[in-house]
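Observations on chain architecture
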Amino acid sequence: MTLAPKDVSYVRELVFDRSAIVLGEDKQYLVESRITMLARDLGLGSAEEVIARLKRDGDRTLEERVIEAMTTNETSWFRDVHPFNALKSVIIPEAMERNAAKRSLAIWSAACSTGQELYSVAMMLDSDFPELSSWKLDLVGTDISRKAVEKAQSGLFTGLEINRGLPATMLVRYFVRDGSGYRIRDDIRNKVRFGVLNLIEPWPPMPLFDVILLRNVLIYFDMDTRRRILGLAKQQLVQGGVLILGGAESVLSLVDGFVPVTIGTTTVYHKDKENV
Amino acid sequence: MATLLTADMISEITLETWEAILAEAGSRLSPKASRPGEEITGYVDIAGAWRGNIGLTCSLAAAKHAASIMFDMDESELGQSEINDAIGELVNIVGGNIKALLPAPAEMSIPHVIEGSPVDDPDRPPPLREVRFEWLDELVIVRVWMMPTDEESSDEDA
Amino acid sequence: MTRALVVDDSRAMRSILTRILSSLGMEVVEAEDGQSALAKLQQFPPFDVALVDWHMPGMTGLELISDMHRQPKWRSMAIMMVTTESDQSQIVRALNAGAHEYLVKPFTADAVAEKLLLLGVKFSKGNGSESTMGGNN
């Protein structure tokens, strides 16, 4: 069933209004399919009915569900692989050297979705950096979607989700079967914390991070918003801290004060020591 | 042992299999819904820490549709052997994931596919679990039977 | 061109995997069981990756992988087990027998591509990444 263009626009505008995420005009099919699935979840007859309710009732909870439905993306473990290799071979060792005296490390997964990215980091640190077991680790994951954050906190994943990019050795080492799915082990779960955060709203107080992962989320924002978020991210990094973006994304020309550094096939951005 | 395997778990496994392989989400039917068309069934047999079978039953139309997706062939080009192979692989996948929830170790047979439905067989006892799904207006049913193991059946009459 | 060997007794599953791997720009050879797989390994130029089912009539996938692992000329081949067996202990058995990666059925095309990335097997992705195992995209 095709949604009327004005209904599609309504959804696109609502999403932009609340989250600054831009859904282009070509996203008709995406809006239809996601809202139809949401209708099914809610026991409503159709996508049209969901939108009619939104317009009629001004229901904040329903609005939140719609935004969640439109902004959730598929995610995988160790996504793209190479950035994690860069973390392992260069970025973490450098951070450990820098922090040798205070023996603490802080990493933020800033569009963490259902948690795979942050848990991947936690597993990598546990398996490749045993020295860190006596350090203070602050591993933080945030996302605009409450539903995604709750799922991340649960540490529960379906078989289909587990298949996505998780090395078999990690599956064996860090997960247990839980019903028809899998649960990440408590010792890894206890190393991380998740919270809801809308990148365009004021950020809560947070530590300064050695690494910020902001991957594949800037593409959904317009230029001004991207600039603003990158500026804030820079302030949230320690001196010499590193920003990691998604494969096709770049900071250049948007914000000063980042120095691109290529490690293998990955380009990351160092907070420039000269320009604070 | 039966409490290890809930209808919800069977449902999740089957829906995930449909979503991944057939690219078209099924949706779970309520247990009371009834629709015609139990025309083909794939079975796998399990033996080991527990004994039983798992059966996947659907209409011939649904089976053809599944086979056409899995083989990427037009329905008119499909023969019985392709249809049977498709249903066999679907019950292999659903069955294997169900087996993973139940006591180990247990071996699963290669699938065998027959015409008709378990309900046609008067000698077959009712299943321990039965979960019904709707897929494109067709009915798909997953059933799990558990037989007593050798120690247990020595107390029973044949 | 990257070359893949697909070993599974189900024609439907071979069909699905061949489609996925071909769409990733790979050349695919199929085998319906362990014996046939060994014959193809002898007959064809070296494969870059083999996707092996566990339960097959005759030689199991585990036995096939053990055989392959014993041959020095096949040791550089990446081996991924593709199966419904999801028990932790089974995965460990497969890895110890010589499998490098493990994919539990059901899986999507994206999952296959991501495992290949972990294995360092070269492939090329077409447009869009939301494809699934079925043919209707």
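Moving on, we come to the environment of Ala 113 of chain C. Residues and elements named next belong to chain C. With respect to the helices, strands and loops of the structure, Ala 113 is situated in helix α5 (residues 109-119). Judged by relative accessible area, which is 4%, Ala 113 ranks as buried. The spacing of Ala 113 and Asp 48 is 65 residues in sequence and 14 Å in space, taken between C-alpha atoms. Not counting chain neighbours up to four residues away, the residues in contact with Ala 113 comprise Leu 24, Phe 123 and Lys 125.

This part takes up the packing of helix α1 (residues 7-21) of chain B against helix α3 (residues 80-99) of chain B. Residue and element names in this part refer to chain B. Look at α1 against α3: their axes get within 10 Å of each other, and the N-to-C directions meet at 140°. Between α1 and α3, the interaxial angle falls into the category oblique. As α1 runs across α3, the sense of the crossing is right-handed. Counted together, Ile 10, Ile 13, Thr 14, Thr 17, Trp 18 and Ile 21 of α1 and Leu 90, Ile 93, Val 94, Asn 97 and Ile 98 of α3 form the full contact between these two elements. In the contact of α1 with α3, the residues fall into 8 nonpolar, 3 polar and no charged.

All names here are of chain A. Under the domain assignment used here, chain A contains domain 1 (5-71) and domain 2 (82-271). For domain 1 versus domain 2, the separation of C-alpha centres amounts to 29 Å. Contact with domain 1, which involves 10 residues of that partner, is made by 10 residues of domain 2. Regarding the contact of domain 1 and domain 2, the summed buried area is about 830 Å², with carbon and sulfur atoms giving 58% of it. Our count for the contact surface shared by domain 1 and domain 2 stands at 5 residue pairs in polar contact (both at pLDDT 80 or more). Every element with two or more residues in the side of domain 1 that touches domain 2 is listed here: α1 (5-19) and α4 (60-71).

All names here are of chain A. Its volume calculated, the second largest pocket comes out at about 390 Å³. Around the second largest pocket, the lining is made up of 17 residues, and of these Arg 18, Glu 64, Ile 144, Asn 198 and Glu 201 lie nearest the centre. Where the lining of the second largest pocket is concerned, the elements lending two or more residues are α1 and α4. Of the residues forming the lining of the second largest pocket, the biggest block, 7 residues, is contributed by α4.

Turning our attention to the interface of chain C and chain B. Each partner contributes residues to the interface: chain C has 22 residues there, and chain B has 25 residues. Both faces combined, the contact of chain C with chain B buries some 1900 Å², and carbon together with sulfur accounts for 52% of it. The interface formed by chain C and chain B holds 3 salt bridges in total. A salt bridge links Glu 85 of chain C to Lys 99 of chain B, with the shortest nitrogen-to-oxygen separation between them at 3.3 Å. Where chain C touches chain B, the interface holds 12 residue pairs in polar contact (both at pLDDT 80 or more). Here the element with the most residues in the side of chain C that touches chain B is helix α1 (residues 11-23) of chain C; it accounts for 6 residues. Grouping the amino acids of the side of chain C that touches chain B by side-chain chemistry returns 7 nonpolar, 10 polar and 5 charged.

As a further point, take the sheet that holds strand β5 (residues 181-184) of chain A. The 3 strands are arranged β3-β5-β4 (chain A) in an open sheet whose pairing can be described as antiparallel. The two strands at the open ends of the sheet, each matched to only one other strand, are β3 (156-157) and β4 (175-178) of chain A.

This brings us to the side chain of His 55 of chain C. Residue placement: His 55 of chain C occurs in the loop between β3 (49-52) and α3 (61-70). Here the side chain of His 55 of chain C touches Glu 85 of chain C through a polar contact of 2.7 Å, side chain to side chain. With residues up to four places along the chain from it excluded, the contact list for His 55 of chain C reads Glu 107 of chain B together with Asp 9 and Glu 85 of chain C.

What follows is about the interface of chain A and chain B. Contacts between chain A and chain B engage 7 residues on the former and 11 residues on the latter. Interface area for chain A against chain B, summed over the two sides, is near 680 Å², with a carbon-plus-sulfur share of 57%. Our count for the chain A to chain B interface comes out at 3 residue pairs in polar contact (both at pLDDT 80 or more).

Attention shifts here to the pattern of salt bridges. This model, assessed by the stated rule, comprises 34 salt bridges over all chains. Between Glu 38 of chain B and Arg 143 of chain B there is a salt bridge whose closest N-O contact spans 3.1 Å. Placement of Glu 38 of chain B in the loop between β1 (27-28) and β2 (40-48) and of Arg 143 of chain B in strand β7 (residues 138-147) is noted, with a sequence separation of 105 residues between them. The buried category is assigned to Arg 143 of chain B, whose relative accessible area is 2%. Connected through salt bridges with shared partners, the residues Asp 17, Arg 18, Arg 60 and Glu 63 of chain A form a single ionic network.

What follows concerns helix α7 (residues 146-154) of chain A. All names here are of chain A. Listing the buried residues of α7 in full gives Ala 148, Val 149 and Ala 152. Axial view of α7: buried residues confined to an arc of 100°, hence all on one face. Contact partners of the buried residues in α7: α6 (116-128), β2 (136-143) and β6 (192-196). The first or second residue beyond α7 is Gly 155, which carries a positive phi of 70°.

Turning our attention to the sheet that holds strand β1 (residues 104-109) of chain A. Residues and elements named next belong to chain A. As summarised here, the arrangement of the 7 strands in space is β6-β2-β1-β7-β8-β10-β9, forming an open sheet in which the pairing is mixed. Two strands lie at the open edges of the sheet, namely β6 and β9 (258-263), each paired on one side alone. Pairs of neighbouring strands in the sheet enclose a mean axial angle of 20°, with direction left out of account. As judged from the 3 bridges shared by β1 and strand β7 (residues 209-214), these two strands associate in the parallel manner. Of the residues in β7, the one forming a bridge with Ser 109 is Leu 213. The sheet strands contacting α7 are β2 and β6, and the helix crosses β6 at an angle near 165°.

So, how was this worked out
- Residues numbered from 1 in each chain as written.
- Chains lettered and ligands numbered in written order.
- Predicted model: local features only at pLDDT ≥ 70, side-chain atom pairs only at ≥ 80, totals over all residues.
- Heavy atoms only, no water.
- Helix = DSSP H or I, 4+ residues; strand = E, 2+ residues; numbered from the N terminus.
- Buried < 20%, exposed > 50% of the residue type's maximum accessible area, 1.4 Å probe, protein only.
- Contact = heavy atoms within 4.5 Å.
- Axes fitted to C-alpha atoms, helices over the stretch in contact; angles between N-to-C directions.
- Parallel < 35°, antiparallel > 145°, perpendicular 65-115°, else oblique.
- Left-handed = near helix turned anticlockwise from the far one by under 90°.
- Nonpolar A, V, L, I, M, F, W, Y, C, P; charged D, E, K, R; others polar.
- Domains from an automatic or database assignment.
- Buried area = accessible area lost by both parts, 1.4 Å probe.
- Polar contact = N/O pair within 3.5 Å; in protein donor to acceptor, adjacent residues only side chain to side chain.
- 1 Å grid on protein atoms, 1.4 Å probe; cavity = no way out; pocket = protein on both sides within 12 Å on 5 of 7 lines; lining within 4 Å.
- Points joined across faces, edges and corners; volume = space filled by probe spheres on them.
- Salt bridge = Lys/Arg side-chain N within 4 Å of Asp/Glu carboxyl O.
- Pairing = 2+ DSSP bridges.
- Arc of directions from axis to C-beta.

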